[in-house]
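Chain by chain, the residues:
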Amino acid sequence: MDTTRSSEPEWVQDAIWWHVYPLGFVGAEASPEPGQEVAHRLGHLVGWLDHVVELGLSGIALGPVFASQTHGYDTTDHLRIDPRLGDDDDFDALVAGCRERGLRLLLDGVFNHVGRGHPAFQAVLEHGPQAETASWFRLRWPGGADAWQPGTEPDYDDFEGHRHLVALDTGSPQVLDHLTEVMVHWLDRGADGWRLDAAYAVPTRTWAELARRVRERHPTAYLMGELIQGDYPSFVREAGIDAVTQYELWKGIWSSLNDTNLFELESALGRHNTFLEEFVPYTFVGNHDVTRIASRLEDVALLEHALVVLFTVGGTPSVYAGDELAFRGTKEEREGGDDAVRPQFPDTPADLTGDGQETFRLHQELVGLRRRHRWLHGASTTTLHLTNEQLAYEVSAEGQRLVVVLSLETDEVEVPAARAGELLAGDADVLGAGTDDARVRLRPRGWAVLSG
């Protein structure tokens, strides 16, 4: 299996992201004040770039940074940095800080919908069907467009029932032109790619056209879409993008550990293999939309196992800022329910309180192992041994091979792991190393990564 897919920029093979939700990270207000002066807060993030390098990662995946009404996903101006974060100069300084350290930069493109305060929608409210931007939205006028009177508000498509998020008509030529301008503008300013928010809500033909236009100007831009469920390979193929978010694997990791059911993880890895045949998914165990992995796991000691899987299987991995320090936080389905997983960070890592250094060092160890075996990016897995509480799998590509062994047993165990060799990470003894009868002795609830 090739480790660089035909549609994917070469540099992505070495990409491991640090995912940040900027508005929370810098402690921005919940919403900007009318006429708010620019608060130059993006420099706060620059103060953490050395932390990212020390962690061993290669890029920053930013959440929304454009002007919005509240949380960043209700955009009011795609071409302006949110004044709660800064301005163009602050963005340029962030790009420069990344470049100085060899870090890539991924932006969050909220292109399915805008906030009600967006000028294009405000023009519709003021001028009705005659507004120049009426074609940007899917509108339904009471009594028909000819019956419009000033002050009459149309019905409109929204995003998943949220009336403050007005859905764009992404098939409109005017919208396509605007989104093309936005994507190219920020790539011109130094971004390396886009996370396409709510990609599942936009027709794949729209993404395909945008991808075509963007790559005419920026052929090495990375385009990754947010997809929660469905036919991942077909979506990637039809949309002409590089990857989608791998929520199936995310769920398989924490659920199998909580239920002491490694058959579920093995099944998820099997599905993951089928995706890798066509594209390399964007993999993670945490992000800004879900409960943190250290809180999701019923036994936080198994956080190690979750990280071992993330960093040893094929994919383009992402670490959600704070997870490398075992931050906790539970997402709740209520107003403000994301706040616990989107906290403010101190000015520098030196200002942190709490004991997360052991988890940080484990991230360093596993990231380092992955970077020394860059072929893991597109590698597939093969099961060597499986019970509810034991899993041994090989990871292979380009004639290379590693063996990974996990145990959820509360006692010391010996796990069959054919041809397992030298211990590369973890705590284990190998019996009969390199033979078909090799066994790996693990401590209680242990794990190991071995040469193959």
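Every value quoted in this text rests on a predicted model; they were computed, and no experiment measured them.

## Examining the overall build of the protein
What the protein contains, in helices and strands, is 13 helices and 23 strands. Taking 2.2 N^0.38 as the reference for a compact globule, 452 residues should give roughly 22 Å; the C-alpha atoms of the protein span a radius of gyration of 23 Å, in line with that estimate. In terms of its C-alpha atoms, the protein occupies a principal-axis envelope of roughly 80 × 45 × 40 Å. For the protein, buried positions account for 57% of its 452 residues. Here the analysis covers contacts within the protein between residues at least 6 apart in sequence; of these, 70% occur between residues at least 24 apart. A total of about 17700 Å² of accessible surface is found on the protein, and carbon and sulfur atoms cover 45% of it. With 38 positive and 73 negative side-chain charges, the protein shows a spacing of 2 Å between the two charge centroids.

## Looking at the pattern of salt bridges
Enumeration according to the criterion identifies 42 salt bridges in this entry. The partner of Glu153 in a salt bridge is Arg116, and the shortest N-O contact between them spans 2.9 Å. In this pair, Glu153 is assigned in the loop between β7 (139-140) and β8 (155-156) and Arg116 in the loop between β6 (113-115) and α5 (119-127), connecting sequence segments 37 residues apart. On the basis of relative accessibility, which here comes to 38%, the residue Glu153 falls in the partly exposed class. When its relative accessible area of 25% is taken as the criterion, Arg116 is described as partly exposed. One network of salt bridges, with partners in common, ties together Arg138, Arg140, Asp155, Asp157, Asp158, Arg163 and Asp169.

## Description of the nonpolar core
Counting 134 residues, the largest nonpolar core has Trp18, Ile60, Phe137, Trp194 and Trp207 as its most contacted members. In terms of residue count, helix α6 (residues 173-188) provides more of this core than any other element does, 8 residues in total. Those residues within four positions of Ile60 in sequence are excluded, and the remaining contacts are Trp17, Trp18, Val20, Leu49, Val52, Cys98, Leu103, Arg104, Leu105 and Leu106. By size, the runner-up hydrophobic cluster in this structure holds 13 residues, among which are Ala392, Val403, Val415 and Ala428.

## Some details on empty space enclosed by the protein
Using the criterion set out here, one finds 4 cavities of 30 Å³ or more in the structure. When its volume is computed, the largest cavity comes out at roughly 120 Å³. Every residue lining the largest cavity is counted, 13 residues in all, and those nearest its centre are His19, Arg195, Thr245, Tyr282 and Asn287. Considered class by class, the residues forming the lining of the largest cavity number 7 nonpolar, 5 polar and 1 charged. Computed from the structure, the second largest cavity encloses a volume of approximately 90 Å³. Forming the boundary of the second largest cavity are Gln13, Asp14, Ala15, Ile16, Gly315, Pro317, Arg370, Arg371, His373, Arg374, Leu376 and His377. Across the lining of the second largest cavity, the residue classes break down as 4 nonpolar, 4 polar and 4 charged.

## Some points on the packing of aromatic side chains
Under the criterion given, the structure shown has 22 aromatic pairs. Here the aromatic rings of Trp17 and Tyr222 are separated by 6.4 Å at their centres, their planes lie at 15°, and the arrangement is stacked. Here Tyr222 lies in strand β12 (residues 222-225) and Trp17 lies in strand β1 (residues 17-20), a separation of 205 residues in the sequence. Considering the side-chain rings of Phe66 and Trp186, the 5.1 Å spacing of their centres and the 35° angle between planes classify their relative orientation as tilted.

## Some words on the sheet that holds strand β23 (residues 447-451)
Taken in spatial order, the 5 strands line up as β16-β17-β18-β23-β20 in an open sheet, and their pairing is antiparallel. If you trace the sheet from one side to the other, it starts and ends with β16 (380-386) and β20 (423-426), each paired once. Strand-to-strand twist in this sheet, taken as the mean axis angle between neighbours without regard to direction, amounts to 20°. As paired elements, β16 and strand β17 (residues 390-397) share 6 bridges and run antiparallel to each other. Looking at the pairing, Leu386 lines up with Leu391 of β17. Packed onto the sheet, helix α10 (residues 262-276) meets β16, β17 and β18 (400-407) and runs at close to 155° relative to β16. Packing of helix α12 (residues 303-312) onto the sheet brings it into contact with β17, β18 and β23, and relative to β18 it is tilted by some 165°.

## Observations concerning helix α4 (residues 88-100)
Taking 1.5 Å of rise per residue, the 13 residues of α4 would be expected to cover 18 Å, and the 18 Å separating its terminal C-alpha atoms lies within 8% of that figure. Of all the positions in α4, only Asp90, Phe91, Leu94, Val95, Gly97 and Cys98 are classed as buried. End-on, the buried residues of α4 take up no more than an arc of 160°, which puts them together on one face. Opposite its buried face, α4 presents the exposed residues Asp89 and Glu100, each directed more than 90 degrees away. Contact partners of the buried residues in α4: α2 (42-46), α3 (49-55), β2 (59-62), β4 (75-81), β5 (104-109) and α6. Taking the backbone nitrogen of Asp89 as reference, a side-chain oxygen 3.1 Å away marks Asp87 as the first, capping residue of α4.

## Considering the side chain of Glu394
Looking at the element boundaries, Glu394 is found in strand β17. Looking at Glu394, its side chain comes within polar contact range of the side chain of Arg401, at 2.4 Å. When residues no more than four places from it in sequence are discounted, the contact partners of Glu394 are Ser380, Thr381, Thr382, Leu384, Arg401, Leu402, Val403 and Arg419.

## Here we look at the layout of surface pockets
Computed from the structure, the largest pocket encloses a volume of approximately 1300 Å³. If you go around the largest pocket, you meet 40 residues; those closest to its centre are His71, Asp289, Lys331, Asp338 and Arg342. Of all the secondary structure elements, the ones that give two or more residues to the lining of the largest pocket are α1 (22-25), β10 (162-167) and α9 (247-258). Ranked by residues supplied to the lining of the largest pocket, first place goes to β10 with 3 residues. Its residues assigned to classes, the lining of the largest pocket comprises 12 nonpolar, 12 polar and 16 charged. Taken as a whole, the second largest pocket encloses approximately 310 Å³ of empty space. Residue lining of the second largest pocket: 15 residues in total, with Leu303, Glu304, Glu358, Thr359 and Leu362 positioned closest to the centre.

Parameters at a glance
- Residues numbered from 1 in each chain as written.
- Predicted model: local features only at pLDDT ≥ 70, side-chain atom pairs only at ≥ 80, totals over all residues.
- Heavy atoms only, no water.
- Helix = DSSP H or I, 4+ residues; strand = E, 2+ residues; numbered from the N terminus.
- Rg over C-alpha atoms; globule rule 2.2 N^0.38 Å.
- Buried < 20%, exposed > 50% of the residue type's maximum accessible area, 1.4 Å probe, protein only.
- Contact = heavy atoms within 4.5 Å.
- Areas by Shrake-Rupley, 256 points an atom, 1.4 Å probe, with all protein chains shown as cover.
- Lys, Arg positive; Asp, Glu negative; His and termini not counted.
- Charge placed at Lys NZ, Arg CZ, Asp CG, Glu CD.
- Salt bridge = Lys/Arg side-chain N within 4 Å of Asp/Glu carboxyl O.
- Core = buried A, V, L, I, M, F, W, Y, C linked by side-chain atoms within 4.5 Å.
- 1 Å grid on protein atoms, 1.4 Å probe; cavity = no way out; pocket = protein on both sides within 12 Å on 5 of 7 lines; lining within 4 Å.
- Points joined across faces, edges and corners; volume = space filled by probe spheres on them.
- Nonpolar A, V, L, I, M, F, W, Y, C, P; charged D, E, K, R; others polar.
- Phe/Tyr/Trp six-rings, centres within 6.5 Å; stacked < 30°, edge-to-face > 60°.
- Pairing = 2+ DSSP bridges.
- Axes fitted to C-alpha atoms, helices over the stretch in contact; angles between N-to-C directions.
- Expected span 1.5 Å × (residues − 1).
- Arc of directions from axis to C-beta.
- Polar contact = N/O pair within 3.5 Å; in protein donor to acceptor, adjacent residues only side chain to side chain.

These results come straight from atomic positions and should not be treated as a statement about function.
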